[in-house]
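Examination of the molecular architecture
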Amino acid sequence: MLKFLKQVVDYGKETAQAAKYIGQGLAVTFDHMQRRPVTVQYPYEKLIPSERFRGRIHFEFDKCISCEVCVRVCPINLPVVDYEYDKASKKKKLNSYSIDFGICIFCGNCVEYCPTNCLSMTEEYELATFDRHELNYDSVALGRLPTKVTDDPMVTALRTMAYLPKGVMSPRDLPAGSQRANSNK
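Here is a short report on the structure shown in this document. Just so it is clear, the structure is predicted and the values come from calculations on it, not from any experiment. (Residues numbered from 1 in each chain as written. Predicted model: local features only at pLDDT ≥ 70, side-chain atom pairs only at ≥ 80, totals over all residues. Heavy atoms only, no water.)

A look at the pairing of strand E3 (residues 80-86)
Strand direction decides the pairing type here: E3 and strand E4 (residues 91-100), joined by seven bridges, are antiparallel. Each bridged residue has a counterpart across the sheet, and for tyrosine 85 the counterpart in E4 is lysine 92. Connecting E3 to the next strand, E4, in antiparallel fashion are four residues, including lysine 90 with a positive phi near 55 degrees. (Pairing = 2+ DSSP bridges. Helix = DSSP H or I, 4+ residues; strand = E, 2+ residues; numbered from the N terminus.)

Rendered as structure tokens:
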């Protein structure tokens, strides 16, 4: 008889423990139901990158003086600067400039240390290609300015999820002229 009672007590303890674990799992589920969504329907909706986002590098050919500071500060010696030295004017003449974004680590050192500000970071982050050789951008490709997310008529630009005002669960629900939470703009 004692063996049977012990089995009943053990079964009751295991049932209570299982109910406790199910309750803990449901508590996590209900907690996540109150949070803001983070899903973005990517090709049709895009998040606006932050102000200091380091995307593809933009290059202005006319400003470059071929000083090669960008090559020296790059941790992987990535930019390729091809120039000729003009002995008459004692200046370097830039022939071509290229960066391979398949190797680039987007550290931004080249942009930061450029003395003529001919390099700048853009908001472009869609650099995927089927051939890795297409990621080697020459001075013409680097000179193209990307379209901004906010200017693309095919895309709904969403503000960053972390800066939604309190009580707003979806960036689609924001009024037209509203500002981000914690924004001084």
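Anyway, onward from the coordinates.
A few points about the packing of aromatic side chains
The tally for this structure, following the rule as stated, stands at five aromatic pairs. Where phenylalanine 53 meets tyrosine 125, the ring centres are 6.1 Å apart and the plane angle is 85 degrees; that geometry is what we call edge-to-face. Here phenylalanine 53, found in the loop between strand E1 (45-47) and strand E2 (57-59), pairs with tyrosine 125, found in the loop between strand E5 (119-121) and strand E6 (136-137); they are 72 residues apart in sequence, far enough to count as distant. By relative accessible area, which is 30% here, phenylalanine 53 ends up partly exposed. Looking at tyrosine 125, the relative accessible area reads 33%, which means it is partly exposed. The ring of tyrosine 83 has lysine 92 sitting right over it, with the charged end atom 4.8 Å from the ring centre. (Phe/Tyr/Trp six-rings, centres within 6.5 Å; stacked < 30°, edge-to-face > 60°. Buried < 20%, exposed > 50% of the residue type's maximum accessible area, 1.4 Å probe, protein only. Lys NZ or Arg CZ within 6 Å of the ring centre and 35° of its normal.)

As for the side chain of arginine 56
The residue arginine 56 is located in the loop between E1 and E2 in this model. Here arginine 56 falls in the buried class, since its relative accessible area comes to 2%. At a separation of 3.4 Å, a polar atom in the side chain of arginine 56 contacts the main-chain carbonyl oxygen of alanine 141. Polar side-chain contacts of arginine 56 include one of 2.5 Å to the backbone oxygen of arginine 144. (Polar contact = N/O pair within 3.5 Å; in protein donor to acceptor, adjacent residues only side chain to side chain.)

A few points about the nonpolar core
Counting 23 residues, the largest nonpolar core has Phe59, Tyr97, Phe101 and Leu119 as the members making the most contacts within it. Breaking this core down by element, the ones donating at least two residues are E2, helix H2 (69-73), E4, helix H3 (109-113) and helix H4 (139-143). Looking at which element gives the most residues to this core, the answer is E4, with three residues. With sequence-adjacent residues up to four places away left out, phenylalanine 101 is seen in contact with Arg56, Ile57, Phe106, Leu127, Leu135, Tyr137 and Leu142. (Core = buried A, V, L, I, M, F, W, Y, C linked by side-chain atoms within 4.5 Å. Contact = heavy atoms within 4.5 Å.)

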